[in-house]
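Letter by letter, the chains look like this.
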Amino acid sequence: KSEDYYKAYSQAKYWVSNSRIPNEIKKHDDQVYIQCWHGTPLKRLGFDIKNYTGTKTSTKDLYRNYRVDAERYTHIISPSKFFTEKITSAFGLKSIGKENIFIEKGYPRNDFLYTFTEQDCISIKEKLSIPKDKKIILYAPTWRENQHQPGVGYTYNLGVDFDLLRKQLEKDYVILFRAHYFISNLFDFDKYKEFIIDVSKYDDINHLYVVSDMLITDYSSVFFDYAILNRPIYFYMYDLDEYKEELRGFYLDIYKDLPGDIFETEEDLLQAVQTHCYDFERLNEFNRRFNHAQSGNCSEKVCDIVFAENSHGN
């Protein structure tokens, strides 16, 4: 929020963001705001949350924040009909006449998941000092709105016995731990060196996707993108009852629609990982429903539409 920050928004022809931007930024009529969003939602968003239990923001203020951003949108990038439907509802787009601003051509950011090479993977593993003889688990849990400390921000209670995981998995696996960027508390993995690598600050999560042999997550939207790789996805939801009843709720039937099984204990999770128990046909069906617009050249498709529409007189 520096002077240069506001000046850039004021002068730029195109804005590209994957999240809401500050309410005070005003868009001129000749500017173009392309909202990429940061993932297909599992958790309810915006106007679909009936009673927000997060920070000091009230439910009414939450609705206002979503409305202010939506009123500035020129385009929204969509990977599926499901995404289009849910974002239309979450941002109240019909009520402001913006239900037809979607470009349903897939996420440009996911093109790399189709085009990466073996050399890309080798370079990424070297950068992260990952042993060549180990399989890689990407563990990417999301944040909890009710885990917030005044003056600190959102924190995360791990809910994982890493001693148990190391005992069972250390011989064959390494874990890449990726915390949500909202989380402000630091994690000390010194005692787990060479077994757990904290990649929370690593810039491009796509790099972590392509080198990982499997994903473990909970309620994060990362699994929608990771599914493109056709690799196993396991859901570790140790606090499922609390999350489901007290926080946001879900857009999906998590027992039928997820591309993998839900585990509420580490013992059951470990058994599935170690026995390679996974239903790939379930994953294929998931991709047909939620990633049907992904193609590997989404960037080109989106740019053709956006710049063709806005090139007249420029």
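Residues numbered from 1 in each chain as written. Predicted model: local features only at pLDDT ≥ 70, side-chain atom pairs only at ≥ 80, totals over all residues. Heavy atoms only, no water.

**Side note on the packing of aromatic side chains**
Note the cut-off: Ring pairs shown here join Phe, Tyr and Trp side chains whose ring centres sit within 6.5 Å, with only the six-membered ring taken for Trp; geometry is labelled stacked below 30 degrees between planes, edge-to-face above 60, and tilted in between. Under the scheme used here, helices are H or I runs from DSSP no shorter than 4 residues and strands are E runs no shorter than 2 residues, and both carry numbers assigned from the N terminus. Residue exposure (1.4 Å probe, protein chains only): buried if accessible area is under 20% of the type maximum, exposed if over 50%, otherwise partly exposed.
Inspection of every chain in the model, using the stated rule, returns 28 aromatic pairs. The interplanar angle of 70 degrees and the centroid separation of 5.3 Å between the aromatic rings of Tyr5 and Tyr9 together place this pair among those described as edge-to-face. Here the residue Tyr5 and the residue Tyr9 both occupy positions in helix 1 (residues 3-11), the gap between them amounting to four residues, near one helical turn. Residue Tyr5 is classed as partly exposed on the basis of its relative accessible area of 25%. Geometrically, the ring pair formed by Tyr14 and Phe307 is edge-to-face, given 5.0 Å between the ring centres and 65 degrees between the ring planes. Here Tyr14, found in strand 1 (residues 14-17), pairs with Phe307, found in helix 12 (residues 298-309); they are 293 residues apart in sequence, far enough to count as distant. Look at Tyr14 and you get partly exposed, because its relative accessible area is 26%.

**Considering the environment of Arg282**
The condition that has to hold: By definition, residues are in contact when any of their heavy atoms lie within 4.5 Å.
Structurally, Arg282 is set in helix 11 (residues 280-290). Residue classification places Arg282 among the partly exposed positions, given a relative accessible area of 22%. Distance from Arg282 to Lys256, taken between C-alpha atoms, is 9.6 Å for residues 26 residues apart in sequence. Once residues lying within four places of it in the same chain are set aside, the contact partners of Arg282 are Tyr255, Leu258, Pro259, Gly260 and Asp261.

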